[in-house]
Amino acid sequence: MKTRIASLILLLQVVAVAAFAQNYKIDLSKSTLNWRAEKITGFHEGTISLKAGSFKVENGTLTSGSFAIDMNSIKVTDLEDAETNGKLVGHLKSEDFFDVAKSPEATFTITKPVDLSKSVADVTGILTIKGISKPLTFKTVIIKVGNAYTFNANSIVVDRTKYNVRYGSGSFFEGLGDKVIYDEFVIKLKLGAGQ
C-alpha cells in the first residue's frame, strides 16, 4: 500500500512539473536579424534570415532554447548599386569571411536560465559560427502578450576574429591603412515566439 501511495505521489509530481513546462517555437514571420559592420572609412549593414528555433519555459523561467541562422541568406541593405552589392555579398559568403559553402548555418544555444518576469534580462549562451563555439551574453527586452513572447536585443556585439573571420582586421594584419575593418560587428535581433 505504501509503495502504491509513493508511486502515485511521484506520478503526480511528474505530471505537475510537465504541466508547468511549456514549449515555444520561434515565429519566423515575426523575427528579424540585422547586422552592422564598421570600417575606418564607413560601414555596411544588412540582414540575415533565421531558420528555426524553440525554447522551453518552466514556472516563468526560460530554461533552455536555441535558434539557427541561415548564413546563405546574408543581404547588404546600404548599397543600391546591384553589381557592387552582389560583389560584397559574395565576398561575405567567401572563405575570407563566413565561408558559407562549408558553414551554411550559425547557431545560438542558451546555457543559463532567464527570468521571464523581468522586462530586461541577460541572455547567456554559446554562439557558433564556422564551426567555432564561443560564449556570448547580451541584454534583451522581454515582452509577453497572451501566450506569445517577443525578445528585442538591440546591441549584440560579436568579435568576428574569435570565429576565424580575420579579413581586414588590424589585430592580425599590418599596413592596412584605411582599409581596416573593425573586429566587432553589431547584431540587432528580434525574436517572436508562440506555442
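Residues numbered from 1 in each chain as written. Predicted model: local features only at pLDDT ≥ 70, side-chain atom pairs only at ≥ 80, totals over all residues. Heavy atoms only, no water.

Points about the pattern of salt bridges
A side chain with one charge can pair with a side chain of the opposite charge if their charged atoms come near.
In step 1: Under the criterion given, the structure shown has five salt bridges.
In step 2: Of the charged contacts in the structure, one is a salt bridge between Arg36 and Glu45, with a shortest N-O distance of 3.2 Å.
In step 3: For Lys139, the salt bridge identified is with Asp122, shortest N-O distance 2.9 Å. Here the residue Lys139 occupies a position in strand β8 (residues 132-145), and Asp122 occupies one in strand β7 (residues 120-129), the gap between them amounting to 17 residues.
In step 4: Lys139 sits in the exposed class, given a relative accessible area of 54%.
In step 5: With relative accessibility at 41%, the residue Asp122 sits in the partly exposed group.
In step 6: Salt bridges sharing common partners tie together Arg36, Glu38 and Glu45. (Salt bridge = Lys/Arg side-chain N within 4 Å of Asp/Glu carboxyl O. Helix = DSSP H or I, 4+ residues; strand = E, 2+ residues; numbered from the N terminus. Buried < 20%, exposed > 50% of the residue type's maximum accessible area, 1.4 Å probe, protein only.)

Observations concerning the environment of Phe98
In step 1: Here Phe98 is to be found in the loop between α2 (82-93) and β5 (105-110).
In step 2: Separated by 65 residues in the primary sequence, Phe98 and Tyr163 place their C-alpha atoms 8.9 Å from one another.
In step 3: Setting aside anything within four residues of it in sequence, one finds Phe98 in contact with Met71, Ile74, Leu92, Lys93, Ser103, Ile129, Lys130 and Val165. (Contact = heavy atoms within 4.5 Å.)

Topic: the packing of aromatic side chains
In step 1: Overall, the coordinates contain nine aromatic pairs when judged by the stated rule.
In step 2: Plain terms: the ring middles of Phe55 and Tyr149 are 6.3 Å apart, the flat faces sit at 70 degrees to each other, and that makes the pair edge-to-face. On the criterion of sequence distance, the pair formed by Phe55 in strand β3 (residues 42-58) and Tyr149 in strand β9 (residues 148-159) is long-range, its members being 94 residues apart. For the pair Phe55 and Tyr149, one class covers both residues: buried.
In step 3: Ring geometry for Phe67 against Phe108: centres 5.7 Å apart, planes inclined by 35 degrees, an arrangement best described as tilted. A residue pair is termed long-range when its members are at least 10 positions apart, and Phe67 in strand β4 (residues 61-76) and Phe108 in strand β5 qualify at 41 residues. (Phe/Tyr/Trp six-rings, centres within 6.5 Å; stacked < 30°, edge-to-face > 60°.)

Re the side chain of Thr140
In step 1: Within the element layout of this structure, Thr140 appears in strand β8.
In step 2: Taking the relative accessible area as the measure of exposure, Thr140 reaches 3% and is therefore buried.
In step 3: Among the polar contacts listed, one links the side chain of Thr140 to the backbone nitrogen of Asn152, at a separation of 3.3 Å.
In step 4: Once residues within four sequence positions are removed from consideration, Thr140 is found in contact with Ser119, Val120, Ala121, Val123, Phe151, Asn152 and Ala153. (Polar contact = N/O pair within 3.5 Å; in protein donor to acceptor, adjacent residues only side chain to side chain.)

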